[in-house]
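Topology and contacts: notes
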Amino acid sequence: MSSPCHTFAVLIVFMALAVGVEAEQLKERSCDVIGDESSESQMERALLKKLEPLSQMRFNVTVEKGKTENYIYHFRVCREVNSTLHDFGGLVQTDRQNGRTTVIGRINETQVFNGSDWIMLIYKGGDSYGRHCSGEKRRAVIMISCKQGVTASSFSIISEEREKEQDCFYLFEMDSTVACPAEDSHLSVGSILLITFASLIAVYITGGFLYQRLVVGAKGMEQFPHLAFWQDLGNLVADGCDFVCRSKPRNAPAAYRGVGDDQLGEESEERDDHLLPM
């Protein structure tokens, strides 16, 4: 009985190991900055994290130069273009005539830095140039510029610098909101005062309403706090304006003469005796 159980346990262990290896293979690799992990700066880690929203997107651009050069460039941000190949290719060139692929830059040799409204992503360690650039490895430079409201767009190739002896590169550009600086959300002093004033008014009305209703037992409009005061507010404001804006002493006589009763004289009585019958 022990032998079958032992065999079954061994099979379970092998199956678990196989599943773990397969899961590790299916897991997509991300950007690895050049150098040891301990040498990575906080700025580089922050920029890679900032680029994460673009990692699930794929970008392609087609370039035709006569009959000899007809390519498609495939690009992913900090992910492999073809994860099944395990070649770390983050930017890959495909020849449309013969289907041959060339890795322009690899995500395991990444550099990243930024400015006020742009991020520069560099993939090094691509396939060798061959007869160009002294046979050095290819390199892809991707300039990501700020554009508000756009997750990612306008991926295109600008140029290929391959006529030099060294430091050749492919230059690409694209627009994305991830390259934009963070907007300041600080409130002004006026906004803080308005919010504070509105909060105090809300507390005053709510607290006064509850007090009048639950403690005093008021009903209807009487539940409004200090109702009589607010009803007389217009008169109080008028009195205040009259007091502040008065330009002469309170007891000074008026500048105009009104029509008094003494000027009207006695009203003559209309006699209607002639209307009475004789």
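Summarised in this report is the structure supplied together with it. (Residues numbered from 1 in each chain as written. Predicted model: local features only at pLDDT ≥ 70, side-chain atom pairs only at ≥ 80, totals over all residues. Heavy atoms only, no water.)

Observations regarding the sheet that holds strand S2 (residues 69-76)
Here 8 strands make up an open sheet; going across it, the order is S1-S2-S3-S4-S5-S6-S8-S7 and the pairing mixed. The strands lining the two open edges of the sheet, one partner per strand, are strand S1 (58-65) and strand S7 (153-161). This sheet shows a mean twist of 25° between the axes of neighbouring strands, independent of strand direction. Where S1 and S2 come together, 8 bridges link them in antiparallel fashion. Within S2, the position partnered with Phe59 by the bridge is Phe75. (Pairing = 2+ DSSP bridges. Helix = DSSP H or I, 4+ residues; strand = E, 2+ residues; numbered from the N terminus. Axes fitted to C-alpha atoms, helices over the stretch in contact; angles between N-to-C directions.)

Thoughts on the state of the cysteines
With the rule as written, the count across this model stands at 3 disulfides. In this model Cys133 forms its disulfide with Cys168; the gap between the sulfur atoms is 1.8 Å. Linking Cys133 and Cys168, the disulfide has an S-S dihedral of approximately -100° and is accordingly described as left-handed. Here Cys133, found in the loop between strand S5 (118-125) and strand S6 (140-146), pairs with Cys168, found in the loop between S7 and strand S8 (169-176); they are 35 residues apart in sequence, far enough to count as distant. Assessed through its relative accessible area of 3%, Cys133 is described here as buried. A residue is classified by how much of its surface remains accessible, and Cys168, at 1% relative accessible area, is buried. Residue pairing for Cys146: its cysteine sulfur links by disulfide to Cys180, the two sulfurs lying 2.0 Å apart. Of note, the bridge from Cys146 to Cys180 carries an S-S torsion of about 95° and is right-handed in sense. Here Cys146, found in strand S6, pairs with Cys180, found in the loop between S8 and helix H3 (189-216); they are 34 residues apart in sequence, far enough to count as distant. Here the disulfide map of the protein reads 1-2, 3-5, 4-6, the bonded cysteines being numbered as they appear in the sequence. (Disulfide = S-S within 2.5 Å. Buried < 20%, exposed > 50% of the residue type's maximum accessible area, 1.4 Å probe, protein only.)

Quick word on the packing of aromatic side chains
One pass over the full model with this rule turns up 10 aromatic pairs. Ring centres of Tyr73 and Phe172 lie 5.5 Å apart, and the angle between their planes is 65°; this geometry places the pair in the edge-to-face category. Here the residue Tyr73 occupies a position in strand S2, and Phe172 occupies one in strand S8, the gap between them amounting to 99 residues. On the basis of relative accessibility, which here comes to 3%, the residue Tyr73 falls in the buried class. In textbook terms, an aromatic cluster arises when at least three aromatic residues are bridged by ring pairs, as seen for Phe59, Tyr71, Tyr73, Phe75, Tyr123, Tyr129, Phe155, Tyr170 and Phe172. (Phe/Tyr/Trp six-rings, centres within 6.5 Å; stacked < 30°, edge-to-face > 60°.)

Quick look at the pattern of salt bridges
Throughout the structure, instances matching the rule amount to 9 salt bridges. The partner of Arg76 in a salt bridge is Glu28, and the shortest N-O contact between them spans 2.7 Å. Residue Arg76 is located in strand S2, and its partner Glu28 is located in the loop between helix H1 (2-26) and helix H2 (42-50); the two are separated by 48 residues in the primary sequence. Of the charged contacts, one joins Glu163 and Arg162 as a salt bridge, the two residues approaching to 3.9 Å between their closest N and O atoms. Judged by its relative accessible area of 23%, Arg162 is partly exposed. Counted as one network, the salt bridges with shared partners bring together Glu28, Glu52, Arg76 and Arg79. (Salt bridge = Lys/Arg side-chain N within 4 Å of Asp/Glu carboxyl O.)

With respect to the pairing of S2
Taken across its 8 residues, S2 has 6 buried, putting it largely inside the fold. If you look at the hairpin formed by S1 and S2, you'll find 3 residues sitting between the two strands, and Gly66 has a positive phi there, around 70°. As paired elements, S2 and strand S3 (residues 89-95) share 5 bridges and run antiparallel to each other. Within S3, the residue paired with Tyr73 across the bridge is Gln93.

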